[in-house]
Amino acid sequence: MSTTHGPRSDTRARIIAVALEMFSEHGYEKTSLREIADRLGVTKAALYYHFKTKDDIVHGIVETMAVPIDEAIAWGEERAWSPEVRDELVRRFAAGMVERAPLLRFFHENQPALRESQAGLEFRDRMIRMIRLVHGPGASFEDKLRATMALFSVNSAFFLLKHDCSDLAADHAVEDETALAEVMRAATTVGLEIAAPIKPVAARG
């Protein structure tokens, strides 16, 4: 069975990786299925076998790249809220996004095209579930805002890294991967500081 499905899985993974790269380079709307097929060195018909539309590819990208978020959500939903759970969720989210940096870059650079797409809506739903787990039940609006900002500190770090990368390289004298890890450590620290005042249910009201 593995010999039957292995090549298909490998081809699907290659399509997702190449499409993600091209969408990030040229934009979702400016990249055609033909161009993706050409970059892969396959026919358009071969590409259709795995993905019928660009939206299908984007859905595959999100499902593949959002695995750490899904794992963090599953972990959080099994536990009663506490400050320790709150902090661990922020850490897990940040760690997962380090591994999935291309996904955040892709969303940043293609927001208009993805905002109302099925994949974009599903990613938004994931983020809402993460935010709710971070602030827990009975949260005030202020705590909900803190939970949102704590998670989006990771997104903000990617934005800063993209637009200020020359300064980061000069300041830290490191290569991209090391710079990314350093930026994510900073984002995690800031996210935890933002989330810290979120109170347990008993202390609210």
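Residues numbered from 1 in each chain as written. Predicted model: local features only at pLDDT ≥ 70, side-chain atom pairs only at ≥ 80, totals over all residues. Heavy atoms only, no water.

1. Thoughts on the packing of aromatic side chains
- Within the structure shown, the criterion is met by one aromatic pair.
- Seen from the ring of tyrosine 28, lysine 54 lies directly overhead, with NZ or CZ sitting 4.5 Å from the centre. (Phe/Tyr/Trp six-rings, centres within 6.5 Å; stacked < 30°, edge-to-face > 60°. Lys NZ or Arg CZ within 6 Å of the ring centre and 35° of its normal.)

2. Details of the pattern of salt bridges
- Applying the stated rule across the entire model yields 10 salt bridges.
- The salt bridge involving glutamate 78 is made with arginine 79; its shortest N-O contact spans 3.5 Å.
- The class for glutamate 78 is exposed, based on a relative accessible area of 65%.
- A relative accessible area of 36% means that arginine 79 is categorised as partly exposed.
- Between glutamate 88 and arginine 92 there is a salt bridge, with its nearest N and O atoms 3.0 Å apart. You can see glutamate 88 and its partner arginine 92 sitting in helix H6 (residues 83–99), four residues apart, about one turn around the helix.
- One network of salt bridges, with partners in common, ties together Glu21, Glu25 and Arg39. (Salt bridge = Lys/Arg side-chain N within 4 Å of Asp/Glu carboxyl O. Buried < 20%, exposed > 50% of the residue type's maximum accessible area, 1.4 Å probe, protein only. Helix = DSSP H or I, 4+ residues; strand = E, 2+ residues; numbered from the N terminus.)

3. Describing helix H5 (residues 67–77)
- Buried within H5 we find Pro68, Ile69, Ala72, Ile73, Trp75 and Gly76. All buried residues of H5 project into a common sector of 165° when viewed along the axis, lining one side.
- Buried positions along H5 lie against helix H4 (54–65), H6 and helix H9 (118–135). (Arc of directions from axis to C-beta. Contact = heavy atoms within 4.5 Å.)

4. Topic: the side chain of arginine 86
- Tracing the backbone shows arginine 86 in helix H6.
- Excluding its chain neighbours within four sequence positions, the residues that come into contact with arginine 86 are Trp81, Val134, Ala195, Ala196 and Ile198.

5. What to know about the side chain of serine 153
- Among the structural elements, serine 153 can be located in helix H10 (residues 141–163).
- Apart from residues lying up to four places away in sequence, serine 153 is in contact with Ala187, Val190 and Gly191.

6. Thoughts on a nonpolar patch on the surface
- Together, Phe141, Leu145 and Met149 give the surface a local cluster of nonpolar side chains, amounting to about 340 Å² of exposed area.
- The class of methionine 149 is partly exposed, set by a relative accessible area of 44%. (Patch = residues over 30% accessible without salt bridge, like charges linked within 9 Å, V, L, I, M, F, W, Y side chains within 5 Å. Areas by Shrake-Rupley, 256 points an atom, 1.4 Å probe, with all protein chains shown as cover.)

7. Quick word on the environment of isoleucine 57
- Mapped onto the secondary structure, isoleucine 57 falls in helix H4.
- For isoleucine 57, the residues in contact, after removing those within four places along its chain, are Ile15, Ala19, Phe23, Leu33, Ile36 and Phe51.

8. Quick notes on the packing of H4 against H9
- For the pair H4 and H9, interaxial distance at closest approach is 9 Å and the crossing angle is 20°. Taken together, the axes of H4 and H9 are roughly parallel relative to one another. The handedness of the crossing between H4 and H9 comes out as right-handed. Note on element contacts: H9 touches H4 through Ala119, Glu122, Phe123 and Arg126, opposite Val58, His59, Val62 and Glu63. (Axes fitted to C-alpha atoms, helices over the stretch in contact; angles between N-to-C directions. Parallel < 35°, antiparallel > 145°, perpendicular 65-115°, else oblique. Left-handed = near helix turned anticlockwise from the far one by under 90°.)

9. As for the confidence of the model for the protein
- Counting all residues, the mean pLDDT for the protein is 82, and 85% of those residues have values of 70 or more.
- Confidence drops under a pLDDT of 50 for residues 1–5, and excluding neighbours within four residues, the segment shows one contact in the predicted structure.
- The low-confidence segment residues 166–175 (pLDDT under 50) makes seven contacts with residues lying over four places distant or belonging to another chain. (pLDDT = per-residue confidence, 0-100.)

10. Quick look at the environment of glutamate 29
- With respect to the secondary-structure elements, glutamate 29 resides in the loop between helix H1 (2–26) and helix H2 (33–40).
- Judged by its relative accessible area of 66%, glutamate 29 falls in the exposed class.
- Remark: the alpha-carbon pair of glutamate 29 and leucine 114, spanning 85 residues in sequence, is separated by 9.8 Å.
- Not counting chain neighbours up to four residues away, the residues in contact with glutamate 29 comprise Lys54 and Ala113.

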